Amino acid sequence: MPEKDLSALFLDTLKDIYYAEKQIHKALPKMAKAANSDQLRAAFEKHHDETEGQIERLEQVFELLGKPARGKKCDAIEGILDEGKEIMEEYEGEPALDAGLLAAAQAVEHYEISRYGTLKTWASKLGMKDAVKLLDQTLAEEKKTDDALTKLADTAVNAEAQAA
């Protein structure tokens with residue numbers, strides 16, 4: 001039985017976020033379609049495109065490890081995405097829909113920021129300089145997306161939800 005060391009934990013977590021990114025990539029077009037706000041729809045579409053690049057970078061990290069790029073079911077992202085689906089169903093046609101979608105998207109971003117931050121730290125501990133660069137690039141994108149969603153919430157979406 002192999003040792004459960006940091007490199008094993010790194011690989012397990014990498015599989016987890018790989019699965020999560022694939023699920024997020026599938027969910028974003030549905031969220032974009034459900035959004036009433038053109039700005040929110042555009043943010044979801046932009047992040048959908050970014051997610052493709054993030055998946056590619058994860059595949060490069062798997063390659064650096066000499067491992068196949070395979071996901072491992074991530075219950076956390078399943079739960080977060082299920083909450084987003086629930087908001088789409090319960091608030092369809094309602095003024096608060098976009099605020100709910102935006103909050104669900106930020107829950108996804110916060111999960112990703114947490115995972116990528118951890119993976120970057122572990123890659124550094126494991127001396128994986130190339131992986132650190134790839135993970136840092138994605139971490140920066142996720143933080144930028146979260147900031148953009150916060151600005152959108154503050155400048156438009158939350159006020160529109162309240163004004164109705």
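Scroll up a little and you will see the structure.
Within each chain, residues carry numbers counting from 1 in the order of the written sequence. Totals for whole chains, interfaces and linings use all residues, but because this is a predicted model, local features are given only for residues with pLDDT of at least 70 and pairs of side-chain atoms are given and counted only at 80 or more. The basis for every side-chain value is the complete set of heavy atoms in the structure, and neither hydrogens nor water enter the calculation.

1. Notes on the overall build of the chain
Just so we agree on the cut-off: What counts as a helix is a DSSP run of H or I of at least four residues, what counts as a strand is a run of E of at least two, and both are numbered from the N terminus. Two things to know: the radius of gyration comes from C-alpha atoms, and the globule rule equals 2.2 Å times the number of residues to the power 0.38. Partly exposed residues are those whose accessible area sits between 20% and 50% of the maximum for their type, while under 20% is buried and over 50% is exposed, using a 1.4 Å probe and protein chains only. Working rule for contacts: check all heavy atoms of both residues, and any pair within 4.5 Å makes them a contact. For the accessible areas, the method is Shrake-Rupley and the probe is 1.4 Å, while residue cover comes only from the protein chains on display. Under the convention used here, Asp and Glu are negative, Lys and Arg are positive, and both His and the chain ends fall outside the count. Where a charge lies is defined by one atom per residue type: Lys uses NZ, Arg uses CZ, Asp uses CG and Glu uses CD.
When its secondary structure is counted, the chain shows 5 helices and 0 strands. Counting from the amino terminus, helix and strand elements in the chain follow one another as α-α-α-α-α. By the compact-globule yardstick of 15 Å for 164 residues, the chain fits well, its C-alpha radius of gyration being 17 Å. For the C-alpha atoms alone, the extent of the chain along its principal axes is close to 60 × 25 × 20 Å. Counting the 164 residues in the chain, one finds 43% classified as buried. For the chain, contacts bridging at least 24 residues in sequence account for 81% of all contacts bridging at least 6. Taken as a whole, the chain presents about 9,100 Å² of accessible surface, with 50% of it coming from carbon and sulfur. Of the side chains in the chain, 22 bear a positive and 33 a negative charge, and the two mean positions are spaced by 8 Å.

2. A few points about the side chain of glutamate 141
If you trace the backbone, glutamate 141 turns up in helix α5 (residues 129–163). By relative accessible area, which is 19% here, glutamate 141 ends up buried.

3. A short note on the pattern of salt bridges
Two side chains carrying opposite charge are able to pair once their charged atoms lie near each other. Using the following cut-off: Salt bridges, as used here, are contacts in which a Lys or Arg side-chain nitrogen is within 4 Å of a carboxyl oxygen on Asp or Glu.
Using the criterion set out here, one finds 8 salt bridges in the structure. A salt bridge links aspartate 16 to arginine 115; the nearest nitrogen and oxygen atoms lie 3.3 Å apart. Of the two residues, aspartate 16 sits in helix α1 (residues 6–34) while arginine 115 sits in helix α4 (residues 97–125), which places them 99 residues apart along the sequence. A salt bridge links aspartate 38 to arginine 41, with the shortest nitrogen-to-oxygen separation between them at 2.7 Å. Remark: arginine 41 and aspartate 38 occur in helix α2 (residues 38–65); sequence separation between them is 3 residues, near one turn of the helix. The class of aspartate 38 is exposed, set by a relative accessible area of 58%.

4. Digging into the nonpolar core
This is how the line gets drawn: Residues enter a nonpolar core if they are buried and are Ala, Val, Leu, Ile, Met, Phe, Trp, Tyr or Cys, with the set joined through side-chain atoms within 4.5 Å.
Of all hydrophobic cores here, the largest spans 49 residues; its most connected members are Phe10, Leu40, Phe44, Ile77, Leu101 and Leu135. Those elements that provide at least two residues to this core are α1, α2, α3 (75–90), α4 and α5. The element best represented in this core is α4, accounting for 13 residues. Excluding its chain neighbours within four sequence positions, the residues that come into contact with leucine 40 are Ala35, Asp98, Leu101, Leu102, Leu149 and Leu152.

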